[in-house]
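Chain by chain, the residues:
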Amino acid sequence: MVFGFFGKSNVADMIITNGHIYTQDQEMPWAEAVACKDGKVLAIGGTEEISAMQGKATEVLDLQGHYMTPGFIEAAGTPVLDVFRRCCHFLDETMTIEEVLDFVSKKLVEEAKDKDEDTFFAYGYASTLLKDLAPAQATAMLDRLGATRPILLLSKDGFGAWMNTIGLDMANEAAEEEGMEILSLPFTISVLNPFSYEDIQTGVIDQAFEYASKGYTAVFNSGSPDVFDNIYQNVLVAMDQEGLLPQRHYGSLSILTAVNPDFVGHKLLQNRTKCVELDELINYNTLKLYLDESNQAMFSEEYLKAVCASAMERGFDVEIQVVGKEVLL
């Protein structure tokens, strides 16, 4: 019996036959042949049955009794962050304010010849780094670096931004022109334009085909800022439209601070809605919580229950990554 056979009108692009094919389907764990069309499996079953889906242009691959298994799934990768490492600076979350300023100052000097008017962007300072500073104080610290270009630093949780006056003025002027009352982070990034989108697109394509060359058919992004995710996903959508997407992608919303559970639920639904019409090739189905000594105090038992319930009630999976035995206990 052919599993998934919907009629002989379905002519396959490729038929793989005469093999030991492991399906991972409990109803039919092994098959002799598989029919594929447009990069997807149409049917699996016996060689004779699957041959009925062969047309004049069908490519036939004879395994000659060899084994075939599904591709690998990269279950804990950071593909989004890996791509953005190519086009922006990464900070260490253990850096003090002075160390961050020193890092930025040195990089500004190094880049002065080539990028004098571009936005300087770096990611990854600790979410609590500026908690004891007023916004004006933090801005003044960056201003004292003497930069003639906008500076935009993004916190590791993706919700905090640290900018100099030049960057703030540019974002505020654009917001006034657009009639925006609240200056959002995505809008600020769109105005300051700190990334080379060409580099990002090239990076995503190179990465996807590198995964494909190693046999990965699905990739899970385990944690990255929402602003990075949106840009990365837009590139994936463009690749899908051009038929260049070689594996499924599963995104997640990464939470490092105690964000309002209702906001978390809303954000998860918002990001999943973007994927509804993408035929499950691009998905957004997981809440990722990251706990270590630096943020442990924020995640009370009551909060963890509330934020997990907010996600699961909406049909999302939850991944909790814990660093350190004491934090785990």
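In short, a report on the structure. Please read these numbers as outputs of a predicted model, since none were measured by experiment. (Residues numbered from 1 in each chain as written. Predicted model: local features only at pLDDT ≥ 70, side-chain atom pairs only at ≥ 80, totals over all residues. Heavy atoms only, no water.)

Let's talk about helix α5 (residues 165-178)
In this model α5 runs 20 Å from its N-terminal to its C-terminal C-alpha over 14 residues, within 8% of the 20 Å that 1.5 Å per residue would give. For α5, the set of buried residues is G167, A171, A174 and A175. Down the axis of α5, the buried set is contained in an arc of 100 degrees. They therefore lie on one face. Those residues of α5 that are exposed and angled more than 90 degrees off the buried face are E176 and E177. Those residues of α5 that are buried are in contact with β12 (161-163) and α6 (185-192). Remark: G179 follows α5 within two positions and exhibits a positive phi of approximately 75 degrees. (Helix = DSSP H or I, 4+ residues; strand = E, 2+ residues; numbered from the N terminus. Expected span 1.5 Å × (residues − 1). Buried < 20%, exposed > 50% of the residue type's maximum accessible area, 1.4 Å probe, protein only. Arc of directions from axis to C-beta. Contact = heavy atoms within 4.5 Å.)

Topic: the pairing of strand β13 (residues 216-221)
Bridge count for strand β8 (residues 72-77) against β13 is four bridges, and the pairing is parallel. If you follow F72 over to β13, its bridge partner there is Y216. With three bridges joining them, β13 and strand β14 (residues 248-255) adopt parallel strand pairing. In the strand pairing of β14, F220 is matched with Y250. (Pairing = 2+ DSSP bridges.)

Considering unusual backbone geometry
You will see that N18, though not glycine, has its phi angle at about 55 degrees, which is positive. Following the sequence through the fold, N18 ends up in the loop between β1 (14-17) and β2 (20-22). Positive phi outside glycine occurs at N193, with the angle close to 50 degrees. Of the residues examined, N193 reaches a relative accessible area of 41% and is grouped as partly exposed.

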